[in-house]
Amino acid sequence: MTPVILVVTEKSVVDLFEYQGKQYFERYDIPTPVGDVADSVEQALAVAEGIGYPVVLKAQVKVGGRGKAGGVKVATNAAEVLEHANAILGLDIKGHVVERLWVEEASSIAREYYASFTLDRANKTHLGMLSAQGGVEIEVVAEENPDAIAFLSIDPVRGLDLATARRWVHEAELDEPAREQAAELLVRLYRCYVEGDCDLAEINPLIMTPDFVVKALDAKVTLDENASFRHPEWNAFRATDTTDPREIMAREKGLNYIGLDGTVGIIANGAGLAMSTLDVVNQVGGTAANFLDIGGGANADVMAAALEVINADPKVRVIFVNIFGGITRVDDVANGVLEALRRVHIASPIVLRLDGTNALLGREILEPYLSDTLITEPTMVEAARRAVAFTQGA
Ligand code: GDP
Ligand code: MN
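What you see is a predicted model; the values in this text were computed from it and never measured. (Residues numbered from 1 in each chain as written. Chains lettered and ligands numbered in written order. Predicted model: local features only at pLDDT ≥ 70, side-chain atom pairs only at ≥ 80, totals over all residues. Heavy atoms only, no water.)

Here we come to the overall build of the protein chain. Along the protein chain, the regular secondary structure elements total 13 helices and 19 strands. C-alpha extents for the protein chain along the principal axes are approximately 80 × 50 × 35 Å. A burial count over the protein chain gives 48% of its 394 residues as buried. Intrachain contacts of the protein chain at a sequence separation of at least 6 include 70% that bridge at least 24 residues. (Helix = DSSP H or I, 4+ residues; strand = E, 2+ residues; numbered from the N terminus. Buried < 20%, exposed > 50% of the residue type's maximum accessible area, 1.4 Å probe, protein only. Contact = heavy atoms within 4.5 Å.)

This part covers the pattern of salt bridges. With the rule as written, the count across this model stands at 23 salt bridges. Among the ionic pairs, Glu18 bridges to Arg66, the shortest N-O distance being 2.8 Å. Of this pair, Glu18 sits in helix α1 (residues 18-26) while Arg66 sits in the loop between β3 (55-59) and β4 (72-75), and the two are 48 residues apart along the sequence. Neither residue differs from the other here; Glu18 and Arg66 are each classed as buried. For the salt bridge of Asp331 with Arg329, the shortest nitrogen-to-oxygen distance reads 2.8 Å. Under the relative-accessibility criterion, Asp331 is labelled buried at 7%. Connected through salt bridges with shared partners, the residues Glu18, Lys22, Lys58, Arg66, Glu104 and Asp218 form a single ionic network. (Salt bridge = Lys/Arg side-chain N within 4 Å of Asp/Glu carboxyl O.)

Moving on: the sheet that holds strand β7 (residues 101-105). Ordered in space as β2-β7-β3-β4, the 4 strands form an open sheet in which the pairing is antiparallel. The open sheet has two edge strands with one neighbour each: β2 (35-38) and β4. In this sheet, adjacent strand axes meet at a mean angle of 25° when their direction is disregarded. Across the sheet, α1 lies against β2, β3 and β7, angled at about 50° from β7, the strand it touches most. Of the strands in this sheet, β2, β3 and β7 are in contact with helix α2 (residues 41-51), which crosses β7 at around 15°. (Pairing = 2+ DSSP bridges. Axes fitted to C-alpha atoms, helices over the stretch in contact; angles between N-to-C directions.)

On to the site of ligand 1. As a matter of local geometry, ligand 1 sits amid 15 residues, with Lys58, Arg66, Gly67, Ser107 and Glu112 nearest to it. Here an oxygen atom of ligand 1 sits 2.7 Å away from a polar atom, N or O, in the side chain of Glu112. Here Asn204 contributes a backbone N or O atom positioned 3.1 Å from an oxygen atom of ligand 1. For ligand 1, the accessible surface in isolation is 560 Å², of which the surrounding protein chains cover 77%. Within the residue set of the shell around ligand 1, elements represented by two or more residues are β3 and β11 (198-208). Partitioned by chemical class, the residues of the shell around ligand 1 number 6 nonpolar, 5 polar and 4 charged. Taken domain by domain, the makeup of the shell around ligand 1 includes at least three residues from each of domain 1 (34-105) and domain 2 (109-236). (Near = heavy atom within 4 Å. Polar contact = N/O pair within 3.5 Å; in protein donor to acceptor, adjacent residues only side chain to side chain. Areas by Shrake-Rupley, 256 points an atom, 1.4 Å probe, with all protein chains shown as cover. Nonpolar A, V, L, I, M, F, W, Y, C, P; charged D, E, K, R; others polar. Domains from an automatic or database assignment.)

Attention now moves to the coordination of the manganese ion (ligand 2). Looking at the manganese ion (ligand 2), one finds its protein donor set to be Asn204 (O) and Asp218 (OD), positioned 2.1 to 2.2 Å from the metal centre. Highlighted residues: Asn204 in strand β11 and Asp218 in the loop between β12 (214-216) and β13 (220-224), separated in sequence by 14 residues. (Donors = N, O, S within 2.8 Å, 3.2 Å for Na, K, Ca; no water.)

Here Ser107 is to be found in the loop between β7 and β8 (111-120). Ser107 sits in the buried class, given a relative accessible area of 19%. Within the structure, the side chain of Ser107 is placed 3.3 Å from the side chain of Lys215, a separation counted as a polar contact.

Attention shifts here to the packing of aromatic side chains. For the structure on display, the rule yields 7 aromatic pairs. Considering the side-chain rings of Tyr19 and Trp102, the 6.3 Å spacing of their centres and the 15° angle between planes classify their relative orientation as stacked. Of the two residues, Tyr19 is situated in helix α1 and Trp102 in strand β7; the sequence distance between them amounts to 83 residues. For Trp102, a relative accessible area of 3% gives the class buried. Aromatic side chains Phe117 and Tyr190 sit 5.4 Å apart centroid to centroid with 70° between the ring planes, which places their arrangement in the edge-to-face category. Taken as a pair, Phe117 in strand β8 and Tyr190 in helix α6 (residues 176-195) lie far apart in primary sequence, 73 residues in all. The buried category is assigned to Tyr190, whose relative accessible area is 7%. (Phe/Tyr/Trp six-rings, centres within 6.5 Å; stacked < 30°, edge-to-face > 60°.)

Per the domain assignment, the segments making up the protein chain are domain 1 (34-105), domain 2 (109-236) and domain 3 (245-391). Taking only C-alpha atoms into account, the centre of domain 2 sits 45 Å from that of domain 3.

Now for the packing of helix α11 (residues 330-343) against helix α12 (residues 359-366). Orientation of α11 relative to α12, taken along the N-to-C sense of each, is 20°, at an axis distance of 7 Å. Comparing the axis directions of α11 and α12 gives the class roughly parallel. The hand of the α11/α12 crossing is right-handed. Contact residues: Val330, Asp331, Ala334, Asn335 and Leu338 in α11; Ala359, Leu361, Gly362, Ile365 and Leu366 in α12. For the contact of α11 with α12, the per-class residue count stands at 7 nonpolar, 2 polar and 1 charged. (Parallel < 35°, antiparallel > 145°, perpendicular 65-115°, else oblique. Left-handed = near helix turned anticlockwise from the far one by under 90°.)

Structure, rendered in structure tokens:
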């Protein structure tokens, strides 16, 4: 039995690619090197020619340590761009395959610093971290040289003013010529973090060039999904987040869907129940094709959207609908399923387990439509067995 492990956090967040993070920084006037994205070797060359040499080619994957993994290379001419773009595109960095490059003007580096803002939940404040020892992972600095990090607790009501930022860069012992620019940049980064609804805004390295210009050479931004209602511009970030066509389709329909490799399509209400459903399907010898929590809104639209997404997955042999009615009423779910079946032709058999509020009524509504391929079972395990049997050709 293959265990299925899913991490579903209560607080949902969106990690940005470096280039998206830099574009986000630009909205708040945080200086970053000029650059553009490239999805192919040819595009990389075109961008490089437009910028002028030297340029840096950077793998766009949502994982740190790209530099060490060979995902960050300087090119001083066209031939080197071709060579490095070829090497980096398709490179596997800690399980993330590089599909996109960020090509930017190369920077000369005199010093590498570290700066970030994040939430200190225990303390109910924001937490700023600043260090003159950047360029390496902050965890390593924290371990080996904890005194090299200047922590700043920020009262969310009072915010961060320039005077405080000036004291902070002094305390962190940033080089004298970098301090004023860094203080101003930190105030902007804080604004980006708060107004931009970030969970994390991190710059590593924040650099000072030999001619004393301070700018963000890397960007790690995590957005707080709970604030997405006030950021329509975030849609652009989501669109490029996944390349799984099922997940893209699900997202367009507003579903909380994660594609997996198995053959049993799953629709459940509530993340906890959806996970239990995965476990039970596994226990009885099946494999889940997806994780899908339709939440409390199990109406016909949501049901039709869910069935459509699962239906579009060619691996799916059966669909297991597992609903425990609470605030969601099972009769609404039943009507939703019927309405969805009228709208979408579903290729796979459907096994339903409906329990909780108005379960009896729900089953009565479905009764006249039940068939060899539309089945209800009274318990989760029985329904899982029935569903898995379909995948085994029974
Ligand atoms: P990460 O390894 O994923 O954190 O990627 P970074 O964007 O932080 O780049 C890693 C390292 O590459 C940086 O710490 C720099 O030392 C180096 N680097 C990145 N861009 C440039 C550049 O424009 N010029 C130079 N000289 N080094 C760079
Ligand atoms: Mn970095």
